[in-house]
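Structure assessment
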Amino acid sequence: MSTQVTTFPPVEIGVQTDAQTKTQPTNGHAVTLPIYMDNHATTPVDPRVLEEMLPYFTNKFGNAASRNHSFGWAGEEAIETARERIAKLIGATPKEIIFTSGATESDNLAIKGVAEMYREKGNHIITAVTEHKAVLDTCKRLEKYGFRVTYLPVQKDGLVDLDDLKRAMDEKTILVTIMAANNEIGVVQPIAEIGKLCHEKGVIFHTDATQYVGKVPMDVIKQNLDLVSISGHKMYGPKGVGALYVRRKNPRVQLSPLIDGGGHERGMRSGTLNVPGIAGLGKACAICSEEMPQESCRMAGLRNRLRDKIMSSLDEVYINGSMEHRLPNNLNISFAYVEGESLLMGINDIAVSSGSACTSATLEPSYVLKALGTGDDLAHSSIRFGLGRFNTEAEVDYVAARVTETVQRLRELSPLYEMAKEGIDLKSVKWAGE
Amino acid sequence: MSYSEKVIDHYNNPRNVGSMDKQSSDVGTGLVGAPECGDVMKLQIKVNPETNVIEDAKFKTFGCGSAIASSSLATEWVKGKTIAEALTIKNTEIVKELALPPVKIHCSVLAEDAIRAAIGDWKKKQASAVPVAVEAK
């Protein structure tokens with residue numbers, strides 16, 4: 001195996017650096033540090049989105065519900081424009097878009113809203129083990145209220161098995177909630193098929209599409225979706241705003257609101273609308289409608305370049321989750337024999353995240369990786385890269401080189417690597433800490 | 001999470017990284033932790049058979065920055081100490097020296113375990129050593 005590693009002078013960890021420009025030796029392009037590659041956690045606000053929002057903080061500050069003066073009308077206009085833009089991005093009608101404070105609230109509203117409204121019809125909900133905590137914790141709460149929840153397992157590639165879903169459904173099932181794309185491993189679920197199955201059985205289908213919308217084309221009719229959660233800050237919009245698509249026809253979905261107080265958003269979500277945030281979300285969606293095809297193609301190219309550079313320089317590197325059914329910008333890799341947090345420490349000029357227990361507040365390794373059947377040792381060795389609109393090829397090359405160099409350095413420090421090289425089967429060792 | 005300067009220093013410039021001959025009768029090897037837990041430390045000591053002084057120590061660690069720093073520090077501290085002195089090293093001292101936050105205390109505990117395991121292994125070797133036959137004059 002030939003190793004082409006560009007060595008860089010070690011960057012001092014812990015030192016607050018203002019953005020530094022480093023010349024990247026392999027192609028002479030400059031990269032500005034630190035590099036942000038954690039776009040599944042959040043995204044920077046696109047300058048065009050910020051520009052769209054500003055007037056609603058300054059001169060067009062009216063409450064959109066003020067029906068009697070121009071300040072209110074300006075706010076209302078912004079809201080309705082945003083509604084149209086969001087609807088267009090997902091193939092819905094504007095009346096079907098409800099604004100919330102974010103995808104977490106949208107998930108709560110969808111799941112609890114259906115549960116309460118359709119209680120007479122049934123009390124069974126189906127979800128999957130790899131869902132975001134906004135869905136899992138909501139389901140756990142409903143279990144306390146007497147609802148029965150089935151948590152479907154996933155296959156090794158991260159995908160739900162449609163036969164498992166079919167078998168789990170019964171006459172008391174009122175809701176299936178399965179995410180369109182996973183935030184850790186980027187795996188995309190077969191939502192159109194899931195939706196089709198749900199409609200055949202008369203079950204409502206909700207999908208948390210936080211990571212999906214704006215990256216992969218969505219059509220709520222063609223994909224048989226009844227409820228869709230959307231988040232502003234995952235698509236170069238502001239934090240604190242999101243939306244929920246609520247189908248009005250075939251079937252008409254009704255929700256019990258979570259929040260009372262004035263009956264805004266067709267009674268489904270009371271509260272003065274966050275006009276600047278919503279204007280921003282609308283603009284973010286409009287940009288995605290325009291630019292998604294080229295952008296997703298470019299993302300996939302950058303992601304594949306990063307993957308190929310890393311995998312051609314290092315051995316025993318494993319991709320977590322299906323490469324085929326995956327978001328174009330996600331890469332989740334385990335580097336055997338190297339622990340995730342120590343790797344992050346070594347690439348401290350790059351913002352990414354890890355599935356290692358050491359990086360979580362609870363000291364639990366990633367439950368998503370666990371659900372794939374990835375051993376805990378490889379879960380501890382995983383890094384998640386989330387590429388985005390503002391990442392460049394030069395940055396990808398720099399990151400690939402830094403990751404490679406750091407993994408090699410840490411493997412020299414690793415007793416596991418040493419044992420593996422000696423031919424010891426680590427799975428057969430009786431560890432003192434077990 | 002921000003790391004203390006000392007943890008950063010040990011991470012960037014780890015002391016005594018490497019391996020000794022496991023088979024040697026002067027070497028004690030401690031291997032603690034488990035890959036599933038995200039922490040494995042191997043700490044080895046070379047003990048002078050006459051003086052019982054730890055002449056050299058080496059380590060390798062699979063774990064976070066705090067774990068690497070704890071084990072690196074452990075090798076620094078045991079060098080030059082007698083076996084008895086090394087046994088008095090407490091994890092709390094490692095926590096203090098590296099300014100480890102509460103969530104990382106277990107890394108220091110593992111380092112203390114590694115020292116004890118290495119010493120334990122060395123002691124076992126001494127106990128089972130075949131006495132050298134004295135050449136009859």
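Residues numbered from 1 in each chain as written. Chains lettered and ligands numbered in written order. Predicted model: local features only at pLDDT ≥ 70, side-chain atom pairs only at ≥ 80, totals over all residues.

Quick notes on the overall build of chain A
So the rule is basically this: Helix and strand definitions here come from DSSP, where helices need a minimum of 4 consecutive H or I residues and strands a minimum of 2 consecutive E residues; each element is numbered from the N-terminal end. When we talk radius of gyration, it's over C-alpha atoms, and the globule rule is simply 2.2 Å times the number of residues to the 0.38. Each residue is classified by how many other C-beta atoms fall within 10 Å of its C-beta atom, where C-beta atoms are placed from the backbone; a count of 20 or more means buried, 12 or fewer means exposed, and values in between mean partly exposed. Remark: residues whose backbone-derived C-beta atoms lie within 7 Å of one another are considered to be in contact.
Check the secondary structure of chain A and you find 12 helices and 15 strands. Over its C-alpha atoms chain A spans a radius of gyration of 23 Å, differing by no more than 12% from the 22 Å that the globule rule assigns to 434 residues. Every one of the 434 residues in chain A was classed for burial, and the buried ones make up 52%. Within chain A, contacts between residues at least 6 apart in sequence are counted, and of these 72% link residues at least 24 apart.

Let's talk about the overall build of chain B
When you go through chain B residue by residue, the secondary structure sums to 5 helices and 3 strands. Mapped in sequence order, the helices and strands of chain B form the string α-β-β-β-α-α-α-α. Along the first, second and third principal axes, the C-alpha atoms of chain B reach 70 × 30 × 25 Å. Residues counted as buried form 45% of the 137 residues belonging to chain B.

Details of the interface of chain B and chain A
Our working definition: Charged means Asp, Glu, Lys or Arg here, nonpolar means Ala, Val, Leu, Ile, Met, Phe, Trp, Tyr, Cys or Pro, and polar covers whatever is left, Gly included.
On the chain A side, the residues contacting the 26 residues of chain B number 27 residues. The set of elements that each furnish at least two residues to the side of chain B that touches chain A consists of α1 (5–12), β1 (27–34), β2 (39–47), β3 (54–62) and α2 (65–78) of chain B. Residue composition of the side of chain B that touches chain A, by class: 15 nonpolar, 8 polar and 3 charged.

Topic: the sheet that holds strand β7 (residues 173–177) of chain A
All names here are of chain A. What counts is decided by this rule: One bridge is not enough; two strands pair if DSSP finds at least two bridges between them. Lines fitted to C-alpha atoms define the axes here, with helix axes fitted over just the stretch in contact, and angles between the N-to-C directions of these axes take values from 0 to 180 degrees.
Read across the open sheet, the 7 strands follow the order β4-β10-β9-β8-β7-β5-β6; overall the sheet is mixed. The open sheet is flanked by β4 (97–100) and β6 (148–152), the only strands paired with a single partner. Between one strand axis and the next, the sheet turns through 20 degrees on average, direction left out of account. As judged from the 5 bridges shared by strand β9 (residues 227–231) and strand β10 (residues 242–246), these two strands associate in the antiparallel manner. For I230, the partnering residue across the bridge sits in β10 and is A243. The strands that helix α2 (residues 70–90) touches are β4, β9 and β10; relative to β4, the one it contacts most, it runs at about 115 degrees.

Overview of the sheet that holds strand β11 (residues 317–319) of chain A
Residues and elements named next belong to chain A. Pairing in this open sheet of 4 strands is antiparallel, and the strands run β11-β12-β15-β14 from one edge to the other. Looking at which strands have only one partner, the edges of the open sheet turn out to be β11 and β14 (353–354). In this sheet, strand β12 (residues 330–335) lies alongside β11 in antiparallel orientation, the contact comprising 3 bridges. When the sheet's bridge partners are listed, V317 is paired in β12 with F335. Across the sheet, helix α7 (residues 275–313) touches β11, β12 and β15 (382–386), and the angle it forms with β12 is around 15 degrees.

Considerations on the pairing of β15 of chain A
All names here are of chain A. Across the 5 residues of β15, 5 count as buried, placing the element largely inside the fold. Side chains of β15 alternate between two faces, with S382, R384 and G386 and I383 and F385 buried alike. Here β12 runs beside β15; their pairing, made up of 5 bridges, is antiparallel. For N332, the partnering residue across the bridge sits in β15 and is R384. Pairing between β14 and β15: 2 bridges, direction antiparallel.

Concerning the environment of E85 of chain B
Residue and element names in this part refer to chain B. Structurally, the position occupied by E85 is in helix α3 (residues 83–86). Residue E85 is classed as partly exposed on the basis of its C-beta count, with 14 C-beta atoms lying within 10 Å. Once the C-alpha coordinates of E85 and S24 are considered, the two residues, 61 residues apart in sequence, prove to be 22 Å apart.

Describing the nonpolar core
Which entries qualify depends on this criterion: A set of buried Ala, Val, Leu, Ile, Met, Phe, Trp, Tyr and Cys residues, joined through C-beta atoms within 7 Å, is what we mean by a nonpolar core. Residue ranges for the domains originate in an automatic or database domain assignment.
By size, the foremost hydrophobic cluster in this structure holds 159 residues, and its most contacted members are I86, I90, Y245 and I278 of chain A together with A114 of chain B. Looking at this core element by element, the count peaks at 14 residues for α7 of chain A. A domain split of this core shows at least three residues from each of domain 1 (20–44 + 292–428) and domain 2 (47–288) of chain A. Beyond its immediate chain neighbours, meaning those up to four positions away, I278 of chain A contacts A78, I79, A82, F99, V241 and L273 of chain A.

Details of helix α4 (residues 91–98) of chain B
Residue and element names in this part refer to chain B. Rule in force here: Think of the arc as the fan of directions from the helix axis to the C-beta atoms.
All buried positions along α4 are accounted for by N91, I94, V95 and L98. Each buried residue of α4 sits inside an arc of 100 degrees when the element is viewed along its axis, so together they form one side. Packing partners of the buried residues in α4 comprise α1, α2 and α5 (105–127). Just downstream of α4 lies A99, where phi reads positive at about 55 degrees.

Topic: the confidence of the model for chain B
Here is the rule: How sure the predictor is of each residue is captured by pLDDT, a score from 0 to 100.
In the predicted model, chain B carries a mean pLDDT of 92, and the fraction of residues at 70 or more is 93%. Across the interfaces of the predicted complex, the ipTM metric reaches 0.89, alongside a pTM of 0.89.

Here's the deal with the domain arrangement of chain A
All names here are of chain A. By the assigned domains, chain A splits into domain 1 (20–44 + 292–428) and domain 2 (47–288). At the interface, 24 residues of domain 1 touch 27 residues of domain 2. Where the side of domain 1 that touches domain 2 is concerned, the elements lending two or more residues are α7, β12 and α9 (367–371). Looking at side-chain class alone, the side of domain 1 that touches domain 2 contains 7 nonpolar, 14 polar and 3 charged residues.

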